[in-house]
Amino acid sequence: MSMAALGLIAGMGLGFAGYFGGFEAFLLVAALGAVGFVAGRLLEGDLEVGHFVRTRDRVDRRR
């Protein structure tokens, strides 16, 4: 499935949620969709958890 078709389906889902459920439902569907997208990318191996968390360096960078 192409990314354009996937985007179309996601947009239609958000549109239905916004129309039938109101703005709060729209935000909930958008947030859960983003979480699902990130989880899917993590499972596929395209992303690593290290991209989202910052490591602490022992070197003091304040000069």
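Our subject is the structure listed above.
Residues numbered from 1 in each chain as written. Predicted model: local features only at pLDDT ≥ 70, side-chain atom pairs only at ≥ 80, totals over all residues. Heavy atoms only, no water.

Enquirer: Please set out the packing of aromatic side chains residue by residue, giving values where relevant.
Expert: Under the defined criterion, the tally for this structure stands at three aromatic pairs. For the pair Phe-16 and Phe-20, a centre-to-centre distance of 6.1 Å together with 10° between the ring planes defines the contact as stacked. Residue Phe-16 and its partner Phe-20 are located together in helix H1 (residues 3-21), separated by four residues, close to a single helical turn. (Phe/Tyr/Trp six-rings, centres within 6.5 Å; stacked < 30°, edge-to-face > 60°. Helix = DSSP H or I, 4+ residues; strand = E, 2+ residues; numbered from the N terminus.)

Enquirer: Residue-level account of H1, with values.
Expert: End to end, H1 covers 26 Å across 19 residues, agreeing with the expected 27 Å (1.5 Å per residue, within 8%). The first or second residue beyond H1 is Gly-22, which carries a positive phi of 90°. (Expected span 1.5 Å × (residues − 1).)

Enquirer: Tell me about the packing of H1 against helix H2 (residues 23-44), and name the residues and values.
Expert: Interaxial distance between H1 and H2 falls to 6 Å at its minimum, and their mutual angle equals 150°. Considered as vectors, H1 and H2 are oriented roughly antiparallel to each other. Where H1 crosses over H2, the handedness of that crossing is right-handed. Residues Leu-14, Ala-17, Gly-18 and Gly-21 of H1 pack against Phe-23, Ala-25, Phe-26, Val-29 and Ala-30 of H2. Here the contact of H1 with H2 is built from residues that sort into seven nonpolar, two polar and no charged. (Axes fitted to C-alpha atoms, helices over the stretch in contact; angles between N-to-C directions. Parallel < 35°, antiparallel > 145°, perpendicular 65-115°, else oblique. Left-handed = near helix turned anticlockwise from the far one by under 90°. Contact = heavy atoms within 4.5 Å. Nonpolar A, V, L, I, M, F, W, Y, C, P; charged D, E, K, R; others polar.)

Functional significance is not addressed by these values, which are geometric in nature.
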